[in-house]
Amino acid sequence: MTLFLTHPDADLHVNPPGHPEQVDRLPAIRAALAGMDLRRETPDPAGDDVLTLCHPQSYIDGLEAAAPADGWVQLDADTSLSPGSLRAARLAVGAGVAAVDAVMAGRAPNAFVAMRPPGHHAETARPMGFCLFGTVAIAAKHALDAHGLDRVAVVDFDVHHGNGTQDLLWDEARALFVSTHQSPLWPGTGEPSETGAHGNVMNRPLPPGSDGTAIRRAMEREILPRLDAFAPDLVLVSAGFDAHRADPLAQLGWETEDFAWITERLCDLAARHARGRVVSVLEGGYDLDALADATAAHVDVLRRRGHG
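Residues numbered from 1 in each chain as written. Predicted model: local features only at pLDDT ≥ 70, side-chain atom pairs only at ≥ 80, totals over all residues. Heavy atoms only, no water.

## Here we look at the sheet that holds strand β1 (residues 3–5)
Definition in use: The rule for pairing is simple: two strands pair if DSSP sees at least two bridges between them. Strands here mean DSSP runs of E at least two residues long; helices mean DSSP runs of H or I at least four residues long; both are numbered from the N terminus. Simply put, an axis is a line fit to the C-alpha atoms, just over the touching stretch for a helix, and the angle between two N-to-C directions goes from 0 to 180 degrees. Contact definition: two residues touch when any of their heavy atoms are within 4.5 Å.
Overall, parallel pairing links the eight strands, which are arranged β2-β1-β5-β10-β9-β6-β7-β8 in an open sheet. Both outer strands of the open sheet, β2 (39–41) and β8 (201–206), are each paired with one neighbouring strand and no more. Across the sheet, the mean angle separating the axes of adjacent strands is 15° when strand polarity is ignored. Pairing analysis gives three bridges linking β1 to β2, with the strands arranged parallel. Following the sheet pairing, F4 is matched in β2 by R40. Running at roughly 135° to strand β10 (residues 278–282), helix α1 (residues 25–33) makes contact with β1, β2, β5 (110–113) and β10 of the sheet. Relative to β5, helix α4 (residues 85–104) is tilted by about 170°, and along the sheet it contacts β1, β5, β9 (234–239) and β10.

## Describing the pairing of β5
In plain terms, the rule: Exposure classes here rest on a 1.4 Å probe applied to the protein chains alone. A residue is buried below 20% of its type maximum, exposed above 50%, and partly exposed in between.
The alternating pattern of β5 places N110 and F112 on one face and A111 and V113 on the opposite face, and all of these are buried. Sheet analysis places β1 next to β5, joined by three bridges and oriented parallel. Within the sheet, the bridge partner assigned to L3 lies in β5 and is A111. Across four bridges, β5 lies against β10 in parallel orientation.

## Observations concerning the nonpolar core
Most often, soluble globular proteins keep nonpolar side chains buried together rather than apart. Test applied: The term nonpolar core refers to a set of buried residues drawn from Ala, Val, Leu, Ile, Met, Phe, Trp, Tyr and Cys, joined through side-chain atoms within 4.5 Å.
Within the largest apolar cluster, 98 residues are counted, with the highest numbers of intra-cluster contacts made by F133, L227 and L236. For this core, the element with the most residues is α4, which contributes 12 residues.

## As for unusual backbone geometry
Both trends apply: most residues other than glycine have a negative phi, and most peptide bonds are in trans. For the bond from S183 to P184, the omega torsion is 5°, close enough to zero to count as cis. Tracing the backbone shows P184 in the loop between β7 (175–182) and β8. In this model, W186 is joined to P187 through a cis peptide bond whose omega is 10°. Considering the arrangement of structural elements, one finds P187 in the loop between β7 and β8. You will see that F130, though not glycine, has its phi angle at about 80°, which is positive. Inspection of the secondary structure assignment puts F130 in the loop between β5 and α5 (135–146). Residue class for F130 comes out buried when judged on its relative accessible area of 12%. Phi at R275 is positive, roughly 55°, even though this residue is not glycine.

From the geometry alone we can't say anything about function, so treat these as descriptive.
What follows is the structure, encoded as structure tokens:
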């Protein structure tokens, strides 16, 4: 049965009024998944020993020192700390690691992590883009080191380039990072020429207005062949749902059905190479209805494939 990991304390991360990464995101997802047959668990927060798989201790200590007792501390134009932010972020990382452990142990065929803040923009020693810690990159490092895997793939279909994951895995030859994203768009990274220290990064930017036909063509012609050649032992997904046509922060035209199609193809990949093992972690998605619908479609595919 698909493992669904979330925690009520994710709602303690509160951004300033009007911020798109709002507390209501997770309640919308929980409501959309309420009727699904899922194994539901809550994670423990990650300790410094886990966070330092990707981030220096000085960075972690700096965030802890900056955390406010009330109100907000602005870290950059988009990224804030509220009193509960670091607990929420540690729980998000803990959920990613727990999902990897459960799938590797065979306690679940696959997993979906619904936590916030998101993580794929957090660089080695720099918070940005609503993100504090690199949840998926840490999960990848944990899978490689703790479970002795040879190859882990991270597939990021958020509409914004996962610059943080790319930075954190740039010199990790055992990980292949693949990102599809709109370009031009913030953060301005993710060009095809960015290939990693070991040829372990693949960026596939899409122009504004690209619809589901464009991403399906790119997946079939370029991305899936590259992933097949890599033959991962585990597939990790940065599942951002802001490429949906209804999302306010970008200009791609994907429909809910496109997210389901991508999920099916990634499950096929995992079945060929990784005993079906997929761990998906929520990233973006800022129109609540579109987020709920697309997440439900994504998790329903995991659930059906997990039942075998």
